[in-house]
Amino acid sequence: MSVQTLLLGQTFVARGNPLETPWQDAVSVNTSGAVLIDGAQISAVGDASVLRAAHPKAKIVDYGMHLICPGFVDAHVHYPQTAMIASWGKQLIDWLNTYTFPEEMRLEDPVYAKSIASRYLDLALDHGTTTMCSFATIHPTSVDEFFTQASTRDMRVVAGKTCMDRNAPDGLRDTAQTAYDDSKTLLDRWHGTGRAHYAITPRFAPTSTPEQLDALGALWHAHPDCLMQTHISEQLPEIDWVRNLYPDARDYLDTYETHGLLGARAVFGHAIHLEPREIDRIAETGAALVHCPTSNTFIGSGLMDLAGLATRRIPLGLATDTGGGSSFSMLRTMAAAYEIAQLRGTALHPAQLLWLATAGSARSLHLQDHIGTLRAGSDADLAILDLESTPAITQRAREANTVWEAIFPTVMMGDDRAIADVWIAGRKRACKEPVTP
Ligand code: GUN
Ligand code: ZN
C-alpha cells in the first residue's frame, strides 16, 4: 500500500460551473478542509476532522490557513517565447515579425530548446501552474524537448509542433506535407505517453496555406482524440489580413471549419472580435475559447467578452499566453481578467476567477477527468496558496470579513511569492529553485 498524506488547510472545492450557475452553488471554500493523497492521486476531500479520524496513519502536512487549490492550468502558452516576454512597443503582426519569429528560430538548436523548455517549466511551477497547453516552434525538436522536460518533472502537459508554411521568415516555414508528417510522427511518439497529450497546432490562418490547413484537418480526422489548438480573432488588422488571404471564407472561423479544423476538441486562443455567426457556430460545435487577458492588453488586442460567451455555455479557459502575455502567473492573469470584465461592466467573483484558472481551463482542454478540481480520483497536482504572502496583501487580508474577501487580495496582488508549495502527481516539489538563465 502506498503512503497516504493528508494535507490540512482551507480547500477550494468546485462542484459546478460558477459562470453558468450562481457561484455560491458551484464553488465553496472549506475553512477546515483536508485533501488525502494516495500515491499520485487524490483519494478523498473533506473535513479535516473527519479525514483525520478515518486515516489515522496518514502523514499530516498542516498548511494552516493556506488555500489548497488544484494546480493552475494555463490553457494557452508559447513556451519558446519565454526569453522574449515583455518585448516593447509593437502590436500583433509587428510583434510577431520583430520579436517572436527571430526568437523562435533559435529553438532549431536542441540545446537551446532544452534550456528554454526547462526554464519555462520551472518558472511555471514557481507560479503554481502544473499543467499548460503550449505551442512549440516549427522544429520537431522543440516538441521533443518540451515533452521530455515535462516528463522529468512528472507534469501533465499538452503541446504540439507549430505549423506555418507562409508569411513567416526563411528557416521558420514547413510545408503542408512536412507539417503533416512531422506532426504525425510527434503525435505517435508522445500522445498518451506518460502524462503527455498532443495538440495539432496550426499557428493561425495567416501563416498556413489552405493546403496546410487541409493536411492538418486530415491528420486531426485520423486522430480525433487529439486537441487542435490555434488562434482566432485577436486583433482587427489580423482579421482584415485573414479576409484578404481567404476571400471565399465567410469569416475567420470559416477558414478553419472549411479545412476540417473545427470540433469539440478545438481550442481557440483570444477570440476577442468574434462575429455573431462565429459565436453561434462555436457554441454548436462545443469548441473551447481561451481568454488571454494580460496578452490582450499588452499587445493592444481588445477586451474579450468572457461573461457574454459564458452565457452561450461555451467551454472557457484562462491563459497567460506567454510571451505575448506579460506574466507567467495565473494569479496575475486572474487579476487582468477581473479588470477587463470590469471594463465591460461585469465584476467577476474570485470564485469564478479561481475556477477559470483550474477547472475551467482543464475542461477547455478535455482534461477535467484528470485535473482541475479537488476530488477523489483526480491527479494530486496542487498549488498551495499563502494568503498573506506580502505585507500589502497581508494588511488587506486581515481586514477581511469573509473567506472570499481574504482570498481576493491574493488574486489581485499575488504572484509567485504566494505559492507556498506545489504538488505534482502526489509528490511535493522539492523546493522553489530560483531560475538561473
Ligand atoms: N497569433 C499568431 N501567433 C501568435 C503568438 O505567438 N502570440 C499571440 N499572442 N498571437 C499570435
Ligand atoms: Zn498564442
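Residues numbered from 1 in each chain as written. Chains lettered and ligands numbered in written order. Predicted model: local features only at pLDDT ≥ 70, side-chain atom pairs only at ≥ 80, totals over all residues. Heavy atoms only, no water.

Colleague: Got a minute to help me understand the nonpolar core in this structure?
Modeller: Taken as a class, soluble globular proteins show a tendency for nonpolar side chains to be buried jointly. Of all hydrophobic cores here, the largest spans 108 residues; its most connected members are Phe268, Leu289, Met334 and Leu354. Per-element accounting of this core gives the leading share, nine residues, to helix 4 (residues 110–126). Sequence-distant contacts of Leu289, that is, excluding residues within four places in its chain, are made with Phe268, Ala271, Leu274, Ile282, Met304, Leu309, Ile314, Pro315, Leu316 and Gly317. Core analysis: the second largest hydrophobic core is formed by 14 residues, Ala75, Cys292, Ala319 and Ile371 among them. (Core = buried A, V, L, I, M, F, W, Y, C linked by side-chain atoms within 4.5 Å. Buried < 20%, exposed > 50% of the residue type's maximum accessible area, 1.4 Å probe, protein only. Helix = DSSP H or I, 4+ residues; strand = E, 2+ residues; numbered from the N terminus. Contact = heavy atoms within 4.5 Å.)

Colleague: Please explain the packing of aromatic side chains as it appears in this structure.
Modeller: Two numbers describe a pair of aromatic rings. These are the distance of the centres and the angle of the planes. This model, assessed by the stated rule, comprises eleven aromatic pairs. Ring geometry for Tyr256 versus Phe268: centroids 5.6 Å apart, planes at 35 degrees, classification tilted. One end of the pair, Tyr256, is in helix 9 (residues 252–257); the other, Phe268, is in strand 11 (residues 266–270), and twelve residues separate them in sequence. When sorted by exposure, Tyr256 lands in the same class as Phe268, which is buried. (Phe/Tyr/Trp six-rings, centres within 6.5 Å; stacked < 30°, edge-to-face > 60°.)

Colleague: Which parts of the structure should I look at to understand the sheet that holds strand 14 (residues 382–385)?
Modeller: Strands in a sheet are paired, the pairing made by backbone hydrogen bonds, and the direction either parallel or antiparallel. The strand order 3-2-1-4-14-15-16 describes an open sheet built from seven strands, whose pairing is mixed. If you trace the sheet from one side to the other, it starts and ends with strand 3 (41–47) and strand 16 (427–428), each paired once. Bridge count for strand 14 against strand 15 (residues 419–424) is four bridges, and the pairing is antiparallel. When the bridges of strand 15 are listed, Ile384 appears paired with Asp421. The sheet strands contacting helix 16 (residues 403–413) are strand 1 (4–14), strand 2 (27–38) and strand 4 (59–70), and the helix crosses strand 2 at an angle near 75 degrees. (Pairing = 2+ DSSP bridges. Axes fitted to C-alpha atoms, helices over the stretch in contact; angles between N-to-C directions.)

Colleague: Looking at this model, I keep getting lost on the packing of helix 13 (residues 330–343) against helix 16. Mind explaining?
Modeller: Between two packed helices, both the angle of their axes relative to each other and the distance between the axes serve to describe the pair. Here helix 13 crosses helix 16 at 95 degrees, and the two axes come no closer than 6 Å. With respect to helix 16, the element helix 13 is oriented roughly perpendicular. Residues Leu331, Met334, Ala335, Tyr338 and Glu339 of helix 13 lie in contact with helix 16, whose contacting residues are Phe408, Thr410, Val411 and Met412. Class assignment of the residues belonging to the contact of helix 13 with helix 16 gives a composition of seven nonpolar, one polar and one charged. (Parallel < 35°, antiparallel > 145°, perpendicular 65-115°, else oblique. Nonpolar A, V, L, I, M, F, W, Y, C, P; charged D, E, K, R; others polar.)

Colleague: Looking at this structure, I do not really get the coordination of the zinc ion (ligand 2). What am I missing?
Modeller: A metal bound by six donors in octahedral fashion has ideal angles of 90 or 180 degrees, whereas one bound by four tetrahedral donors has an ideal angle of 109.5 degrees. Every protein donor of the zinc ion (ligand 2) is accounted for by His76 (NE2), His78 (NE2), His231 (NE2) and Asp321 (OD), and the metal-donor separations fall at 1.9 to 2.7 Å. For the zinc ion (ligand 2), the four donor atoms are set out with angles of 86 to 159 degrees between them, so the coordination reads as irregular. Each donor residue of the zinc ion (ligand 2) belongs to the same chain, with the gaps between them written as H-x1-H-x152-H-x89-D. Pair noted here: His76 is in strand 5 (residues 72–78) and Asp321 is in the loop between strand 13 (316–318) and helix 13, with a separation of 245 residues, a long-range link. No difference in accessibility class separates His76 from Asp321, as the two residues are buried. (Donors = N, O, S within 2.8 Å, 3.2 Å for Na, K, Ca; no water. Tetrahedral: all angles 85-135°; square planar, octahedral: opposite > 155°, others 65-115°.)

Colleague: Where do I start with empty space enclosed by the protein in this structure?
Modeller: Where empty space is left can be seen by rolling a probe of water-molecule size over the atoms. Enumeration according to the criterion identifies two cavities of 30 Å³ or more in this entry. Quantified by volume, the largest cavity comes out at close to 100 Å³. Along the walls of the largest cavity sit 14 residues, with Leu92, Trp95, Leu96, His231 and Glu234 positioned nearest its centre. Per element, the largest residue contribution to the lining of the largest cavity is three residues, and it comes from helix 3 (residues 92–105). In terms of residue class, the lining of the largest cavity is made up of five nonpolar, six polar and three charged. Estimates place the volume of the second largest cavity at around 40 Å³. Lining the second largest cavity, in full, are Pro70, Gly71, Thr130, Thr131, His370, Ile371, Gly372, Thr373, Asp379 and Asp381. For the lining of the second largest cavity, the per-class residue count stands at two nonpolar, six polar and two charged. (1 Å grid on protein atoms, 1.4 Å probe; cavity = no way out; pocket = protein on both sides within 12 Å on 5 of 7 lines; lining within 4 Å. Points joined across faces, edges and corners; volume = space filled by probe spheres on them.)

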